[in-house]
Amino acid sequence: MSTQQAFAAALLDPDSPFPTGLKTWNGSDPARRFAVHRNNVVSSLIDALADAYPVVHELVGEEFFRAMARVYVQCTPPRSPLLVRYGEDFAAFLEGFEPAAGLPYLADVARLEALRVRAYHAADRPALAAQEIAAALATPECLNELVIQLHPALGVLSSPFALVSLWAAHQGELALETVDPWQPEHALVLRNALEVEVMRLPAAGARFIQCLQQGVPLGHAAAQAQSADPSFDLSAQLALLIRTGAITQLHPPLPATQGQPL
Amino acid sequence: MIKIDSPLSDPNSSAPACGASLPARAGLGLKPQHYREILESAVDLGFFEIHAENYMVDGGPFHHYLGLIRQRYPLSLHGVGLSIGAEGPLDEAHLDRLTELIERYSPQAFSEHLAWSSHGGLFLNDLLPVAYDAATLARVCEHIDRVQSRLQRRMLLENPATYLEFARSSMDEASFICEVVRRTGCGLLLDVNNAYVSSINHRRDPYAYIDALPLDAVGEIHLAGFAEDSDGAGARLLIDSHGAPVDDAVWTLYARVLQRIGPTPTLIERDNQVPALQVLLAEARQAERLLMSSRPRPQQASA
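Computed from a predicted structure; not experimentally measured.

**What about the overall build of chain B?**
Then, in step 1: Summing up its helical and strand segments, chain B has nine helices and 13 strands in all.
Then, in step 2: Seen through its principal axes, chain B has C-alpha atoms that stretch 55 × 40 × 40 Å.
Then, in step 3: Counting over 303 residues, chain B shows a buried share of 47%.
Then, in step 4: Summarising the internal contacts of chain B: among those between residues at least 6 apart in sequence, 76% fall at separations of at least 24.

**What about the interface of chain B and chain A?**
Then, in step 1: Contact residues are listed per partner, giving 41 residues for chain B and 41 residues for chain A.
Then, in step 2: Mapped onto the side of chain B that touches chain A, the elements with two or more residues apiece are α2 (61-72), β5 (116-119), β6 (122-128), β8 (165-166) and β12 (236-239) of chain B.
Then, in step 3: Residue contributions to the side of chain B that touches chain A peak at six residues, all from β6 of chain B.
Then, in step 4: Considered class by class, the residues forming the side of chain B that touches chain A number 19 nonpolar, 14 polar and eight charged.
Then, in step 5: Judged from the two bridges that link them, strand β1 (residues 22-23) of chain A and β8 of chain B form a sheet pairing that is antiparallel. Across the sheet, the residue bridging to lysine 23 of chain A is glutamate 165 of chain B, located in β8 of chain B.

**Brief notes about helix α2 (residues 30-52) of chain A**
Then, in step 1: For α2 of chain A, built from 23 residues, the straight-helix expectation of 33 Å at 1.5 Å per residue is met to within 8% by its first-to-last C-alpha distance of 34 Å.
Then, in step 2: Taken together, the buried positions of α2 of chain A are Pro30, Arg33, Val36, His37, Asn40, Val41, Val42, Leu45, Leu49 and Ala52 of chain A.

**Let's talk about the sheet that holds strand β1 (residues 26-29) of chain B**
Residues and elements named next belong to chain B.
Then, in step 1: One closed barrel holds the eight strands; their spatial order is β1-β2-β3-β4-β7-β9-β10-β13, and the pairing between them is parallel. Here the average twist between neighbouring strands, direction ignored, is 30°.
Then, in step 2: Here three bridges tie strand β10 (residues 218-223) to strand β13 (residues 266-268), and the two strands are oriented parallel to one another. Each bridged residue has a counterpart across the sheet, and for histidine 222 the counterpart in β13 is leucine 267.

**Examining the pairing of β12 of chain B**
Then, in step 1: Pairing geometry for strand β11 (residues 227-230) of chain B and β12 of chain B, over four bridges, is antiparallel. When the bridges of β12 of chain B are listed, alanine 227 of chain B appears paired with isoleucine 239 of chain B.

**What to know about the sheet that holds strand β4 (residues 185-192) of chain A**
Residue and element names in this part refer to chain A.
Then, in step 1: The strand order across the open sheet formed by three strands is β3-β4-β5, and the pairing between neighbours is antiparallel. Both edges of this open sheet fall to β3 (155-159) and β5 (195-201), since each of them pairs with a single strand only. Averaged over all neighbouring strand pairs, the angle between strand axes comes to 20°, with direction disregarded.
Then, in step 2: Bridging between β3 and β4 involves five bridges; their strand directions are antiparallel. Opposite valine 156, over in β4, you have leucine 188 as the bridge partner.
Then, in step 3: Contacts from helix α10 (residues 203-213) reach β3, β4 and β5, with the element oriented near 140° to β3.

**A few points about the nonpolar core**
Then, in step 1: Counting residues in each nonpolar core, the largest one holds 147 residues, and the members touching the most others are Ala110, Ala187 and Val189 of chain A together with Leu188, Val192 and Leu223 of chain B.
Then, in step 2: When residues in this core are grouped by element, the largest group, 10 residues, is from helix α6 (residues 106-121) of chain A.
Then, in step 3: Not counting residues within four places of it along the chain, the set of residues in contact with alanine 110 of chain A comprises Tyr53, Val56, Phe90, Ala91 and Leu94 of chain A.

**Brief notes about the packing of helix α4 (residues 134-151) of chain B against helix α5 (residues 173-184) of chain B**
Residues and elements named next belong to chain B.
Then, in step 1: One way to put it is that α4 packs onto α5 with a least axis distance of 10 Å and a crossing angle of 40°. Between α4 and α5, the angle falls in the class oblique. Both α4 and α5 take part in a crossing whose hand is right-handed. Residues Leu137, Val140, Cys141, Ile144, Asp145 and Gln148 of α4 form the contact with α5, whose own contacting residues are Phe176, Glu179, Val180, Arg183 and Thr184.
Then, in step 2: The residue makeup of the contact of α4 with α5, split by class, is six nonpolar, two polar and three charged.

**Concerning the environment of glycine 225 of chain B**
Residues and elements named next belong to chain B.
Then, in step 1: Inspection of the secondary structure assignment puts glycine 225 in the loop between β10 and β11.
Then, in step 2: The buried category is assigned to glycine 225, around which 20 C-beta atoms lie within 10 Å.
Then, in step 3: Through-space distance from the C-alpha of glycine 225 to that of arginine 260 is 22 Å; in sequence the pair is 35 residues apart.
Then, in step 4: Once residues lying within four places of it in the same chain are set aside, the contact partners of glycine 225 are Ser241, His242, Gly243, Ala244, Pro245, Val246 and Asp247.

Rules behind the numbers
- Residues numbered from 1 in each chain as written.
- Chains lettered and ligands numbered in written order.
- Predicted model: local features only at pLDDT ≥ 70, side-chain atom pairs only at ≥ 80, totals over all residues.
- Helix = DSSP H or I, 4+ residues; strand = E, 2+ residues; numbered from the N terminus.
- Buried ≥ 20, exposed ≤ 12 C-beta atoms within 10 Å, placed from the backbone.
- Contact = placed C-beta atoms within 7 Å.
- Nonpolar A, V, L, I, M, F, W, Y, C, P; charged D, E, K, R; others polar.
- Pairing = 2+ DSSP bridges.
- Expected span 1.5 Å × (residues − 1).
- Axes fitted to C-alpha atoms, helices over the stretch in contact; angles between N-to-C directions.
- Core = buried A, V, L, I, M, F, W, Y, C linked by C-beta atoms within 7 Å.
- Parallel < 35°, antiparallel > 145°, perpendicular 65-115°, else oblique.
- Left-handed = near helix turned anticlockwise from the far one by under 90°.

In structure tokens form, the structure reads like this:
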């Protein structure tokens, strides 16, 4: 085993044999000094997770979070020096983390926080000017097949739990005791100017925006939303997307696709 | 060995944000919680330094604010993830990302560490020590040659803070660094806190250690705070924590370095328990007082 291989193994696994060939000026046990590195590695990665998942951290408390994150770090060490992406799959880990089973919404709260981090660092795209959007929407014959491109920061999350309310309560926006976590909620995450915002969407609105994200043309996306909830309010959802600068491109249907020979 | 046009050829320049080199003043690490205050109060500071990896993101507030701050201040780009001391090859994708950042922000300096942090596809997020032997020397020089030719600029190599030594080391750290600088033409980022921490941890004389370094290659200085611990025999063990003010012993050593090499761009490093900007600015002013007093006396009055 190479020195660095032995180092790497021993850094992540406290039961792994300690690397040989190390010395200290006073002959003291190098293990104590090696522990500085072990602590640096594990603590800094736990800190990175605590930064990315502040509400998960608050929900379980400092001691529990650090113990839980330590398990994650040891079984899922980073594979890239871009730590900003570290822990993208933390939610999946939480789902299977038995000691946290008493908080069934924890994984979805983590998914919401992962969407917030992603939104914060997502590429910059200018919003399409409102006049351009208005002009396209004023051409009814094209509306059905109009493809709406949304901002890369935008994310939608549907959950059987009241994750938007839970998140808002941890921002001090509403009292935690008024939140019933067992109410399904749908979250819209986007970056408006430089601020990441989290909003609650109606179920049909979430369905609609998810369809647009997948490139489903406007008319078909609206139809799917309407079948989920007949009271779906298309103009309200479009107004929300326009107001938050979430629409970056419109692709009208190509004339060539019309009147193709059968 | 390669010859690269050095962006640090004029370390005494007081050029504005567009200058070719860092000014011989104090700088601070750029922290997101200080972005607005920096811009609103137009703080008087020599330069800012960023950790390259934090800005390897597509867009958003980090690039927005860095763009604005870069228009107003010189910039030092400090890598923490290139793993120059690794046994394996350099991460070419990471070099590409560094190249992109350098093209976007034209920093006045680029620096990395004499350490490793990646192995076998894992990133360990710590600056891990290397043995000072011929094999490591050859590998580190090869990696630095590659970095300098890919980035098309001279890099500064930072001396490490270490806690352990390798039985197989065949030279001391200062000799190793001298040889790297000689072979690759890279510059030295002299971290005075690291020099102090390592010297205490291995019971060496920090003054003798610094005197043995290639001081004419120093392009930037780092100052930081350390934490106190003890080793298995109860001896002092200092931890390079970046979480405390600069220690008096490090200020004293810094003053001595300045007497030797003259005014040199100096960063106050604080990455943990980051205090208010004003607290860091006070430390930067302390560095600037020492920088001023180390300036050579004017030879003649300028007309």
